[in-house]
Amino acid sequence: MTKSTPPVAARKSHLVTFHNIERDDPYDWLRAPNWQEVMQKPETLAPDIRQYLDAENSFFEAEFGSPTKPLQDAIYSEIRGRIKEDDSGIPTPDGAFAYNSRMLEGKQYARIVRTARDGGPETVLLDCNIEAGEGYFGFAGAEHDRSHRFLAWAADRAGSEYYDIVIRDLDTGVDSPEVITETAGSYVWSNDSTAIYYTEYDDNHRPYRVRLHTIGTDQANDPIVFEEADPGFFVGVDRTLSDRFIVIDAHDHQTSEVWLIDAATGGAPQLVAPRVTDREYDVEERDGLLYIRTNADGAEDFKIVTAPVGRAGAENWTDLVPHQQGVLILDTIVIANHMLRLERFEGLPRIVVRDLRSNEETTVNFDEQAYALGMSVGYEFDTSVFRLTYSSPTTPSRTYDVDLLTGSRTLLKEQEVPSGHNPDDYETRRLFATAPDGEQVPVTVLYRKGTKLDGSAPALLYGYGAYGMSMPASFSISALSLVDRGMVYAIAHIRGGMEKGYRWYVQGRREHKTNTFTDFIAAAQMLIDTGYTSRGRIVAQGGSAGGMLMGAIANMAPDLWGGILAQVPFVDVLNTMLDETLPLTPPEWPEWGNPLASAEDYARIAAYAPYEQVGAHDYPPIFALAGLTDPRVTYWEPAKWVARLRATKTGDAPLYLKTNMGAGHGGASGRFDRLKETAMCFAFALNAVGVEGSFSAN
């Protein structure tokens, strides 16, 4: 490999005082004062900041990107070879038509198409490959109106998550010149097809308001339908499957409030039940009865209640599916005569179907040690068919239609792997690691049969552990490029997610946040103790809040890891939670704590925040990825972290920062461009543990 000099960020004293504690943040200058403008117009970034980010990108390219390009290209080709490039979704019926999406060979984006309900010639409604052009294209989906005459579609052109909504006449295929600009990406049609409800951001990029745009009128005159006053709450708009109500949802991570608008007549939103701190609920409707999934009244793992539409307050809630400790209700779908609920029991998903006429229930589950399960019903309320998706780390995705009247299960599609895949070549295991407090942490493991489990194999251990998000044990075409090279691929289902119920989430947030980190370290130690790998042979991977996990475990146990892969990492936790102008700060206080208001929260966050806790350690190889226009984890978080690591760490292990100067939180927008990023990350992981090539010191 080549040798070049790593960039050294300037240190500029920036003293701040909170709770009588003074800190110096010498890399605060990397935070652009005009960050809101930069998200929409990246060219307005200050020259000194751009110069540093460009220098880091150049260093990465010289030291890693170019020298490992053959390996990256090989991995990319392997992963792409497992994709059926001309793949199609499954037609979803709605009235006289069936809607679908289709990928074309060699193309980055989808086509939206439709046929007659029972099949026939296919009409292209929207080709995102044409609309995308050459730049970033963040597609927020397309929604047809009830008359099937119009299609509203939305796209972000910068990665900043500002979406323009375009309206297409499906009779002519022509887009209207009127565009609903700079929306927050959430929108629904009115029942009469004359208007669109949509969300918009405040000045700090928080979706806080719903407006109603009447087709053919000036957007500047769109009336405000709903506005949220609390900067800690986000607002979304949707509709019930029954089409009776437009649904406005205001929420943070632990509290929610729902308002309903009659979808036929419009009018002012009507409150279902006023917000109560730590009470969550969501709503569906059937025959004048609301079906509400909620954690009210101590139902930690949620229950389902009903209430009449006209008397929806919590005082009228009646239990339909009582709370059962340890059985987490993740989602519900209500159709004409049935209610479906997706549950997690003992760490595994299952679907329970209730006939609302007889209240009889049946359960759908599978026998593998670890698997992922999903359910949907498409557009129609008056149906007796639901769609089930299933996969496991060894088994490609399968999609079935399940007929609730006959009980029949029809296989509609099985994920094809054109380059070939034999599930019998791989093993999946569900293991448990013992955390320091005795909790048993589930770990999903995938490896190729024949891999020696004597400690000699390298491993990649993935983790997230925040917001109650559970990591599914699903099939990954990408992970095969690691396990086929002899790596063990593992997912640690750590606290902060909901793999073991809502309490698993509670025990990984706020005052219990460090459980997330110690769970992950315990998972790594278990893999070592059981012979799956050995110390210094584990690459840890996480992104966003999982990137904070990466920073924390790098500080806590630097010699445990063979490498750290941190994608858009939330590492400057304390400074971000102290800056209430940032998009996610007030809504995130229930998750991490509010260090502005609480000295206790300040001290607790400062004690684990990766940026604050960087020390003179011999860190393993670290690769951080960022997006310049990312509104969720701002680009300066990984930039500051890497700058401080460079100035502080000992040893000569590689340290890289790559900032995508034209993308946001999700990275590249096209499917093949995303694969290239994955290949780059996997090349780093393989190199870090010496599977392919070796690093040069920097």
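Anything mentioned here points back to the structure above.
To keep things clear, this report deals only with the structure shown in the data block.

1. A look at the packing of helix α7 (residues 514–529) against helix α8 (residues 545–556)
No. 1: The geometry of α7 relative to α8 is characterised by a closest axis approach of 10 Å and an angle of 70° between their N-to-C directions. By the angle between their axes, α7 is roughly perpendicular relative to α8. Note that α7 runs across α8; the crossing there is right-handed. In this structure, α7 contributes Thr 516, Phe 517, Thr 518, Phe 520 and Ile 521 to the contact, and α8 contributes Met 548, Leu 549, Met 550, Ala 552, Ile 553 and Met 556.
No. 2: Residue classes in the contact of α7 with α8 are distributed as nine nonpolar, two polar and no charged.

2. Digging into the layout of surface pockets
No. 1: As a volume, the second largest pocket reaches approximately 1200 Å³.
No. 2: Taken together, 43 residues make up the lining of the second largest pocket; nearest its centre are Tyr 462, Ser 478, Gln 541, Gln 567 and Thr 678.
No. 3: Breaking the lining of the second largest pocket down by element, the ones donating at least two residues are β31 (440–448), β33 (488–492), β34 (538–543), β36 (622–627), β37 (655–660) and α13 (671–688).
No. 4: The class makeup of the residues in the lining of the second largest pocket is 22 nonpolar, 17 polar and four charged.

3. Re the pairing of strand β32 (residues 459–462)
No. 1: Residues Ala 459 and Leu 461 line one face of β32 and the alternating positions Leu 460 and Tyr 462 line the opposite face, and both faces are buried.
No. 2: With four bridges connecting them, β32 and β33 associate as parallel partners. Its bridge partner being in β33, Leu 461 is matched across the sheet by Ala 490.

4. A short note on the environment of Gly 450
No. 1: Looking at where Gly 450 falls in the secondary structure, it is placed in the loop between β31 and β32.
No. 2: Owing to a relative accessible area of 73%, Gly 450 belongs among the exposed residues under this scheme.
No. 3: Between the alpha carbons of Gly 450 and Pro 223 there is a distance of 64 Å; along the sequence they are 227 residues apart.

5. Quick look at the packing of aromatic side chains
No. 1: Under the definition given, this model contains 30 aromatic pairs.
No. 2: Between Phe 302 and Tyr 502 the ring centres are 5.8 Å apart and the planes differ by 65°, which places this aromatic pair in the edge-to-face class. Here the residue Phe 302 occupies a position in the loop between β19 (289–294) and β20 (303–308), and Tyr 502 occupies one in helix α6 (residues 502–506), the gap between them amounting to 200 residues.
No. 3: Looking at Phe 302, the relative accessible area reads 2%, which means it is buried.
No. 4: On the basis of relative accessible area, Tyr 502 is assigned to the buried category, the value being 5%.
No. 5: Between the aromatic rings of Tyr 371 and Tyr 390, the centroid separation amounts to 5.7 Å while the plane-to-plane angle is 45°, which identifies the pairing as tilted. Taken together, the positions of Tyr 371 in the loop between β25 (361–364) and β26 (372–376) and Tyr 390 in strand β27 (residues 385–391) put the pair 19 residues apart, joining distant regions of the chain. Of the two residues, Tyr 371 and Tyr 390, neither departs from the other in class, the shared state being buried.
No. 6: In textbook terms, an aromatic cluster arises when at least three aromatic residues are bridged by ring pairs, as seen for Phe 59, Phe 60, Phe 64, Phe 623, Tyr 656 and Phe 684.
No. 7: One Lys or Arg, Arg 114, reaches over the ring of Phe 97 and ends 4.0 Å from the middle of that ring.
No. 8: One Lys or Arg, Lys 676, reaches over the ring of Tyr 76 and ends 5.6 Å from the middle of that ring.

6. Considering the environment of Ala 435
No. 1: Positionally, Ala 435 belongs in the loop between β30 (426–434) and β31.
No. 2: According to the relative accessible area criterion, Ala 435 is buried, its value standing at 4%.
No. 3: Residues Ala 435 and Glu 343 lie 92 residues apart in sequence; the distance between their C-alpha atoms is 25 Å.
No. 4: When neighbours within four sequence positions are excluded, Ala 435 is seen to be in contact with Val 441, Arg 495, Asp 519 and Ala 522.

7. Here we look at empty space enclosed by the protein
No. 1: Scanning the entire structure with this criterion turns up two cavities of 30 Å³ or more.
No. 2: Of the pockets and cavities examined, the largest cavity occupies roughly 50 Å³.
No. 3: Lining of the largest cavity is provided by Thr 576, Leu 582, Pro 583, Leu 584, Thr 585, Pro 631, Arg 632, Val 633, Thr 634 and Glu 637.
No. 4: Tallied by class, the residues present in the lining of the largest cavity amount to five nonpolar, three polar and two charged.
No. 5: Reported here for the second largest cavity is a volume of approximately 40 Å³.

8. Quick look at the sheet that holds β27
No. 1: Strand order in this open sheet of four strands is β26-β27-β28-β29, and the pairing throughout is antiparallel. Looking along the sheet, the strands with just one partner apiece sit at the ends: β26 and β29 (409–414). Adjacent strand axes in the sheet meet at a mean angle of 25°, parallel and antiparallel pairs treated alike.
No. 2: Pairing analysis gives five bridges linking strand β28 (residues 398–403) to β29, with the strands arranged antiparallel.

9. Considering the sheet that holds β36
No. 1: In space, the eight strands of this open sheet follow the order β30-β31-β33-β32-β34-β35-β36-β37, with mixed pairing throughout. Of all strands in the sheet, those bounded by a partner on one side alone are β30 and β37. Taken pair by pair, the neighbouring strands of this sheet meet at an average axis angle of 15°, ignoring direction.
No. 2: Sheet strands touched by helix α2 (residues 47–65): β36 and β37. Its angle to β37, the strand with the most contacts, is close to 120°.

10. Points about the pattern of salt bridges
No. 1: The final tally for this structure, using the stated rule, is 50 salt bridges.
No. 2: Between Arg 80 and Glu 85 there is a salt bridge, and its shortest N-O distance comes to 2.6 Å.
No. 3: Using a relative accessible area of 15% as the deciding quantity, one classes Glu 85 as buried.
No. 4: In this structure, the salt-bridge partner of Glu 200 is Arg 209, at a minimum N-O distance of 2.7 Å.
No. 5: The exposure class assigned to Glu 200 is buried, which follows from its relative accessible area of 13%.
No. 6: Classification of Arg 209 as buried rests on a relative accessible area of 13%.
No. 7: A network of salt bridges, in which partner residues are shared, links Glu 78, Arg 82, Asp 425, Arg 448, Asp 484 and Arg 485.

11. Examining the nonpolar core
No. 1: One finds Leu 461, Phe 520, Trp 561 and Trp 592 to be the most contacted residues of the largest nonpolar core, which totals 125 residues.
No. 2: Top element by residues in this core is α13. It accounts for 11 residues.
No. 3: In this structure Trp 561 touches Leu 461, Phe 520, Ile 521, Ala 524, Gly 536, Ile 538, Ala 540, Ile 553, Ala 554 and Pro 620, once residues within four positions along its chain are discounted.
No. 4: One finds Phe 366, Met 375, Val 377 and Tyr 390 within the second-largest nonpolar core, a separate group that totals 22 residues.

The rules we used
Residues numbered from 1 in each chain as written. Predicted model: local features only at pLDDT ≥ 70, side-chain atom pairs only at ≥ 80, totals over all residues. Heavy atoms only, no water. Axes fitted to C-alpha atoms, helices over the stretch in contact; angles between N-to-C directions. Helix = DSSP H or I, 4+ residues; strand = E, 2+ residues; numbered from the N terminus. Parallel < 35°, antiparallel > 145°, perpendicular 65-115°, else oblique. Left-handed = near helix turned anticlockwise from the far one by under 90°. Contact = heavy atoms within 4.5 Å. Nonpolar A, V, L, I, M, F, W, Y, C, P; charged D, E, K, R; others polar. 1 Å grid on protein atoms, 1.4 Å probe; cavity = no way out; pocket = protein on both sides within 12 Å on 5 of 7 lines; lining within 4 Å. Points joined across faces, edges and corners; volume = space filled by probe spheres on them. Buried < 20%, exposed > 50% of the residue type's maximum accessible area, 1.4 Å probe, protein only. Pairing = 2+ DSSP bridges. Phe/Tyr/Trp six-rings, centres within 6.5 Å; stacked < 30°, edge-to-face > 60°. Lys NZ or Arg CZ within 6 Å of the ring centre and 35° of its normal. Salt bridge = Lys/Arg side-chain N within 4 Å of Asp/Glu carboxyl O. Core = buried A, V, L, I, M, F, W, Y, C linked by side-chain atoms within 4.5 Å.

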